[in-house]
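# Analysis of the macromolecular model
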Amino acid sequence: MDSDTSAAYQLAPVQFSRLTRRGILLGLSLPQLIALAIAVLTVVISLYLAGASGIAWTSPIWATAAAIAAIPIGGRKIVEWVPILSRWLWRAAHGQLTYRRRIVKPRPAGTLALPGDAAPLREWNDPESGAVMIHDPHTQTLTAVVAVSHPAFALLDPGEQHRRVAGWGRVLAGACRSGRIARLQVTERTLPDSGTGLAEWWERHGIEDDSWASSTYRDLIERAGPAGERHATTISLSLDLRAASRQVRTSGGGMRGAATVLRQEMTALTGALRAADLIVGGWLAADELASILRTAYDPAVGVELDRHPTVGRVLDAAGPVAVAESWDRLRSDSAFHAVLWISEWPRSQVYPGFLSPLVFTTGVLRTVSLHYLPVRADQAARDLRKKKTELISDAHQRRRIGQIEDAGSSAEYADVLQQEADLTAGHGVLRTTGLICVTAPTIGDLDAAVSTIEQAAIQASCEVRRLVGQQAQAFTAAALPLSRSV
């Protein structure tokens, strides 16, 4: 009986699909094809006009074009760096790499005082739920944030872990079936602990009798509290206003109608989270979200904000005072930041909780953000059929030219077949992106912390890459629970 029960609740391993790297033709991307086309045309034209001497004279052109299409640097071909570098130089020439808050110039009412492409974000305080909703007029989304807590997953028995994993799967499946959710963002961050929680516990349960044990315990709390770390988890729910336009009009239109539709999704998500045995702490109000934004840009002030809960809780003033973006890092107020992208999930089978080395890294201030983009069932079916057709066509083309079939293409085709089978069985399809924002007070500490996170990612069977040329935009997506994209 016991053996049957343990076998029934044995924790099953999971396997991720490979990151798609297919190109337009024979695995070549559009920039590569353009560069190779320039090289071929140069050779043909020079050969037609001047013969072999023309090929020699034009060799710098066609050789350079062929080289930038074939030579990789940092995991990308040289030609694929051209748009990134061009955009970076354009932003540098127009002074868009630095941000200084204009103290004497008031900002438009209702905005969040954030730099860069997050400047148009506006707040909407919902009187029904008491939550603050963030409206993005460009992407047409409305976002609410809920705080959640959970017991230590690694300390649970396999049966309970299996049940919780299945519950979280139902949460994500519900997001796919809705058709109105643009994005789900799960953010898990570490913060310096001010020791307020320990002090409050000692005030409630401690015995102040001036004994040696009491004095020693009180001194230990005072010293260990500020040196510790605490974890905070939030889930951001983003409503697609375009997909929900009919329901918004039915609910009265405008921001009130959008807020009504978002409240319906919030209620459904709250029920699904509780069914998954997650403790829902409530949807964040304006002052709570302001504290998160402020500590993301200025982590040094986080301890003081915890000790003085009535200070620094205004959302329209929670943005940074100054931001300076470099090629591979970002500086804001009192810290340096670097954003890493989880470019490769585990290729072999892993058990739930494989991200424990990243989540439980000590001594590093970091934020792990997982972005889930639900895909409608009909769109997912079309995408899978298109991928399947392209893979079969590429395999046929490789056989025609005598190219050997590689194991990567076969594994990608098997992933497509598995996704098609899961979709047919009624499961949802989500596109997942993982970002890690590492924070440190100095550049030296930042490089050391990034190295620690990279080693932790290796232990988690993941591959991370440091984003370059887009650190400011990546920071808003990784460190802020606003459902921003990169």
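Since the model is a prediction, treat every value here as computed from it, not as a measurement. (Residues numbered from 1 in each chain as written. Predicted model: local features only at pLDDT ≥ 70, side-chain atom pairs only at ≥ 80, totals over all residues. Heavy atoms only, no water.)

Turning our attention to the overall build of the protein. When you go through the protein residue by residue, the secondary structure sums to 16 helices and 15 strands. Counting the 486 residues in the protein, one finds 38% classified as buried. The contacts of the protein with a sequence gap of at least 6 include a subset with a gap of at least 24, amounting to 76%. With the model as given, the accessible surface of the protein reaches about 25700 Å², and the carbon-plus-sulfur share is 59%. (Helix = DSSP H or I, 4+ residues; strand = E, 2+ residues; numbered from the N terminus. Buried < 20%, exposed > 50% of the residue type's maximum accessible area, 1.4 Å probe, protein only. Contact = heavy atoms within 4.5 Å. Areas by Shrake-Rupley, 256 points an atom, 1.4 Å probe, with all protein chains shown as cover.)

Describing two packed helices takes the angle between their axes plus the distance from one axis to the other. Running from N to C, helix α2 (residues 30-57) and helix α3 (residues 59-70) point in directions that differ by 155°, and their axes come no closer than 8 Å. By the criterion of interaxial angle, the relationship of α2 to α3 is roughly antiparallel. Of the two possible hands of crossing, α2 and α3 adopt the one that is left-handed. Along the contact surface, α2 presents Gln-32, Ala-35, Leu-36, Ile-38, Ala-39, Thr-42, Val-43, Ile-55, Ala-56 and Trp-57, while α3 presents Ser-59, Pro-60, Ile-61, Trp-62, Ala-65, Ala-66, Ile-68 and Ala-69. Partitioning the contact of α2 with α3 into residue classes produces 15 nonpolar, three polar and no charged. (Axes fitted to C-alpha atoms, helices over the stretch in contact; angles between N-to-C directions. Parallel < 35°, antiparallel > 145°, perpendicular 65-115°, else oblique. Left-handed = near helix turned anticlockwise from the far one by under 90°. Nonpolar A, V, L, I, M, F, W, Y, C, P; charged D, E, K, R; others polar.)

Before going further, it helps to spend a moment on the nonpolar core. Leu-273, Ile-436 and Val-438 are the most contacted members of the largest nonpolar core, which has 54 residues in total. Residue contributions to this core peak at seven residues, all from helix α9 (residues 254-275). Setting aside chain neighbours within four positions, we find Val-438 in contact with Phe-336, His-337, Ala-338, Leu-340, Val-364, Leu-365, Arg-366, Leu-446, Ala-449, Val-450 and Ile-453. Counting 28 residues, the second largest nonpolar core, distinct from the first, contains Leu-114, Val-323, Leu-480 and Leu-482. (Core = buried A, V, L, I, M, F, W, Y, C linked by side-chain atoms within 4.5 Å.)

There is a patch of nonpolar side chains on the surface, built from Leu-30, Ile-34, Ile-38 and Ile-61 and spanning about 370 Å² of accessible area. By residue number, the principal contributor to the nonpolar patch is α2, which donates three residues. Residue placement: Leu-30 occurs in helix α2. (Patch = residues over 30% accessible without salt bridge, like charges linked within 9 Å, V, L, I, M, F, W, Y side chains within 5 Å. Salt bridge = Lys/Arg side-chain N within 4 Å of Asp/Glu carboxyl O.)

Parts of the prediction with low pLDDT should not have their coordinates interpreted in detail. Confidence along the protein averages 83 in pLDDT terms, with 90% of residues attaining 70 or more. Element-level pLDDT for the protein is lowest in helix α1 (residues 2-8), with a mean of 45, against a maximum mean of 94 in strand β6 (residues 141-149). Residue range residues 1-8 is modelled with pLDDT below 50. Its contacts to residues more than four positions away, or to other chains, number zero contacts. (pLDDT = per-residue confidence, 0-100.)

Along the chain, Glu-265 falls in helix α9. With relative accessibility at 8%, the residue Glu-265 sits in the buried group. Glu-265 has contacts with Ser-178, Arg-180, Ile-181, Leu-237 and Leu-239, leaving out every residue within four places of it along the chain.

Right, let's get into helix α10 (residues 286-297). Helix length check: α10 (twelve residues) gives 17 Å between terminal C-alpha atoms against 16 Å at 1.5 Å per residue, within 8%. Of all the residues in α10, the buried ones are Ala-286, Leu-289, Ala-290, Ser-291, Ile-292, Leu-293, Thr-295, Ala-296 and Tyr-297. (Expected span 1.5 Å × (residues − 1).)

Applying the stated criterion across every chain, the model contains four aromatic pairs. A centroid spacing of 5.3 Å and a plane angle of 85° characterise the contact between Trp-88 and Trp-327, whose relative ring orientation is edge-to-face. Residue Trp-88 is found in helix α4 (residues 78-93), and its partner Trp-327 is found in the loop between β10 (322-325) and β11 (330-332); the two are separated by 239 residues along the sequence. Trp-88 sits in the buried class, given a relative accessible area of 12%. Between Trp-345 and Phe-354, the aromatic rings sit 6.5 Å apart at their centres with planes inclined by 80°, giving edge-to-face as the arrangement. (Phe/Tyr/Trp six-rings, centres within 6.5 Å; stacked < 30°, edge-to-face > 60°.)

Another point: the environment of Gly-130. Along the polypeptide, Gly-130 turns up in the loop between β4 (122-125) and β5 (132-136). On the basis of relative accessibility, which here comes to 41%, the residue Gly-130 falls in the partly exposed class. Considered as a pair, Gly-130 and Ala-286 are 156 residues apart in the sequence and their alpha carbons are 8.8 Å apart.

Attention shifts here to the pairing of β6. Counting buried residues in β6 gives seven out of nine residues, a clear majority hidden from the surface. Across three bridges, the pairing between β5 and β6 is antiparallel. Each residue of the ladder has a partner; that of Ile-134, found in β6, is Thr-143. Pairing of β6 with strand β8 (residues 229-240) involves eight bridges; the strand directions are antiparallel. Looking at β8, one finds that Val-145 is bridged to Ser-236. As judged from the four bridges shared by β6 and strand β9 (residues 279-283), these two strands associate in the antiparallel manner. (Pairing = 2+ DSSP bridges.)

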